[in-house]
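Per-entry structural report
So the chains spell out like this:
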Amino acid sequence: MTPVGGQGASPGAARAVDVARLAGVSQKTVSRVFNGERYVSEDVRGRVLRAAEELGYRLNGAARALASGRTRSIGVVTLGTALYGPASLLIGIERAARDAGYALRVVNTLEGDPAGVAGAAESLLEQGVDGIVLSEPIDEGSVSLSVDVPVLVLGAPAAFGGPRAVAAGVGAESLARAATEHLLDLGHMTVHHLAGPQRWFAARDRLQGWRAALAARDRRQPPVIEGDWSATSGYTAGHELAAAGDVTAVFAANDDMAVGLIRALLEAGLRVPEDVSVVGFDDIPVSAYVTPPLTTVRQPFDAVAHEGLRLLVQAIEKPDAEPAPAGDPPVELVVRASTAPPPTGGRRPASGSRDSAHAPPATTD
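For every chain, the first residue of the written sequence is number 1, and numbering continues from 1 onward in sequence order. In keeping with the model being predicted, local features are shown solely for residues with a pLDDT of at least 70 and side-chain atom pairs are shown and tallied solely at 80 or more, while totals for entire chains, interfaces and linings include all residues. With hydrogens and water set aside, each side-chain value is computed from the structure's full complement of heavy atoms.

Right, let's get into the overall build of the chain. Secondary structure assignment for the chain yields 11 helices and 11 strands. Across the 365 residues in the chain, those meeting the buried criterion constitute 49%. When checking whether two residues touch, look at their non-hydrogen atoms; a contact exists if any pair is within 4.5 Å. Considering only contacts in the chain between residues 6 or more positions apart, those separated by 24 or more positions represent 73%. Carbon and sulfur atoms provide 52% of the accessible area of the chain, an area that totals close to 16,900 Å². The numbering of helices and of strands both runs from the N terminus, where a helix is a DSSP run of H or I of at least 4 residues and a strand a run of E of at least 2. Buried means the residue's accessible area, taken with a 1.4 Å probe over protein chains only, is under 20% of the maximum for its type, while exposed means over 50%, and partly exposed covers the values in between. Surface accessibility follows the Shrake-Rupley procedure with a 1.4 Å probe radius. Residue values consider only the protein chains on display as shielding.

So, in structure tokens, the structure goes:
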């Protein structure tokens, strides 16, 4: 006969009853410990966990689902992209879900597919997830879908309804406002904006933050140039801004566009920041190492993910509790060498492209 514990036990072969016998508790207590229920003393919890470790026991996921009515899994609907922002937020969501004791199931959507969100949610519901995170950054129009689990919406209007919907903002508007105010505080009379594609909710939020900062100081709002998040679009916009004689400060909606913008300004014979100051958005890893090092605002991906998952888990585990308000994400301005006070006597005129034969820089995404 195989011993219950000790060296004769094979990993993974033990049952809950074996753990209960070794720990000197009931099988129900073992179930309570592994389901994270309250009203179990630390002494008893420790005995159960030590016994489980000795026996190589893990509560079967299917058994846990039958016992609790939950699979302890969360589904994520997100755009399939390698762009820094959405990819970093997804990493933050995965970490936060793991910390909360939940597995993550991800379904990617494609830009330009209006049915993608609904199809992704249906796929996750078929897998029996306990809740859904909607991290869908693009406006694909109205989505007609109702789900029967709690939904967390990150940084975008709710695309579908459920028994309980919670939201956590990514703080893009506040961050954009801080970036613009930094340039105004340096003495620039106004700030030009290189915006992201306006189908993206994040681009709209950053545009709104820029406008709010200028309006609060009663400053002129220059025409907006729209890019596509790439360094190439920033490079194109940079030549357009260099040709305008009144540009002394630019807020770019992401760091990649800011990098391309700076390259074009330098090719036009303008100095950064002596002639034109530039602020980016995201604080991608390369921002500290470009020339000049880029002033930018850092997105609080981990903080947003943990706050959002906290709200979603509460909605899953305590459906009758009053939802706690979402906290405001932190605003962190990273000041480097790409910003300075405006040039005395106005900006000197651009001298034209010094390197027009070169191809524009590739995107760092």
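Having seen the model, we can carry on.
The next subject is unusual backbone geometry. With an omega dihedral of 15 degrees, the bond running from valine 272 to proline 273 counts as a cis peptide bond. By the secondary structure assignment, proline 273 is in the loop between α10 (255-267) and β9 (277-279). A cis amide bond links threonine 291 with the next residue in sequence, proline 292, at an omega value of -5 degrees. When you line up the elements, proline 292 lands in the loop between β9 and β10 (296-298). Notably, tryptophan 229 is not glycine yet its phi reads approximately 80 degrees, a positive angle. Within the secondary structure layout, tryptophan 229 lies in the loop between β7 (225-226) and α9 (231-243).

This paragraph deals with the sheet that holds strand β3 (residues 131-135). In this scheme, strands are said to pair when DSSP sees at least two bridges between them. Pairing in this open sheet of 5 strands is parallel, and the strands run β2-β1-β3-β4-β5 from one edge to the other. Since the sheet does not close on itself, it has two edges, and those belong to β2 (103-109) and β5 (165-168), each with one partner. With strand direction ignored, the average angle separating the axes of adjacent strands in the sheet is 20 degrees. Each axis is a line fitted through C-alpha atoms, and for a helix only the stretch in contact is used; angles between axes span 0 to 180 degrees, taken between their N-to-C directions. Packed on one face of the sheet, helix α11 (residues 301-317) meets β1 (73-79), β3, β4 (151-154) and β5 and runs near 160 degrees to β4.

With that settled, consider the packing of aromatic side chains. Each pair of aromatic rings taken from Phe, Tyr and Trp, with Trp reduced to its six-membered ring, is defined by centres within 6.5 Å and is described as stacked if the planes are under 30 degrees apart, edge-to-face if over 60, and tilted in the remaining cases. In total, this model carries 3 aromatic pairs according to the counting rule given. A centroid spacing of 5.9 Å and a plane angle of 75 degrees characterise the contact between tyrosine 84 and phenylalanine 301, whose relative ring orientation is edge-to-face. With tyrosine 84 in helix α5 (residues 84-99) and phenylalanine 301 in helix α11, the pair connects residues that are 217 residues apart, well separated along the chain. Exposure remark for tyrosine 84: the relative accessible area of 27% places this residue in the partly exposed category. On the basis of relative accessibility, which here comes to 11%, the residue phenylalanine 301 falls in the buried class.

It is worth spelling out the sheet that holds β9 at this point. Across the sheet, which stays open at both edges, the 4 strands sit in the order β7-β6-β8-β9 with parallel pairing between neighbours. The open sheet terminates on both sides in strands that have one partner only, identified here as β7 and β9. The sheet contacts of helix α7 (residues 172-185) involve β8 (249-252) and β9, and relative to β8 the element is tilted by about 165 degrees.

Let's shift gears to α7. Note on helix geometry: an α-helix contains 3.6 residues per turn, so any two residues three or four positions apart are oriented the same way. One less than the number of residues in a helix, times 1.5 Å, gives the span that helix is expected to have. Taking 1.5 Å of rise per residue, the 14 residues of α7 would be expected to cover 20 Å, and the 20 Å separating its terminal C-alpha atoms lies within 8% of that figure. Inspection of α7 places Ala172, Leu175, Ala176, Ala178, Ala179, Thr180, His182, Leu183 and Leu184 among the buried residues, and these make up the whole buried set. Just past α7, the residue glycine 187 takes up positive phi, approximately 110 degrees.

Let us look at the pattern of salt bridges. It is possible for side chains bearing opposite charge to pair when their charged atoms get close. Salt bridge, as used here: a side-chain nitrogen of Lys or Arg that lies within 4 Å of a carboxyl oxygen of Asp or Glu. According to the stated counting rule, one finds 16 salt bridges in the structure shown. A salt bridge links arginine 220 to aspartate 246; the nearest nitrogen and oxygen atoms lie 3.3 Å apart. With arginine 220 in the loop between α8 (201-216) and β7 and aspartate 246 in the loop between α9 and β8, this pair connects stretches of sequence that are 26 residues apart. Take aspartate 246: its relative accessible area is 44%, and that puts it in the partly exposed class.

This part is about the confidence of the model for the chain. pLDDT is a residue-level measure of predictor confidence that goes from 0 to 100. For the chain, per-residue confidence averages 85 on the pLDDT scale, and 84% of positions sit at 70 or higher. Low confidence marks residues 353-359, where pLDDT is under 50. Its contacts with residues over four positions away, or in another chain, come to 11 contacts.

With that settled, consider the environment of leucine 207. Its location among the elements puts leucine 207 in helix α8. In this structure the C-alpha to C-alpha distance between leucine 207 and alanine 253, which are 46 residues apart in sequence, comes to 7.9 Å. In contact with leucine 207, not counting residues within four places along its chain, are His193, Gln198 and Val224.

In this section: the pairing of strand β6 (residues 192-195). On β6, burial covers both faces: His192 and Leu194 on one face and His193 and Ala195 on the other are all buried. Sheet analysis places β6 next to β8, joined by 3 bridges and oriented parallel. Within β8, the residue paired with histidine 193 across the bridge is phenylalanine 251. As defined by bridge partners, β6 adjoins β7 across 2 bridges and the pair is classed as parallel. In the sheet register, leucine 194 faces β7, and the bridge partner there is isoleucine 225. Between β6 and its parallel partner β7, the chain crosses via α8, and the hand of that crossover is right-handed. If you view a crossover with the strands going away from you and the path from the first strand over the helix to the second runs clockwise, you call it right-handed.

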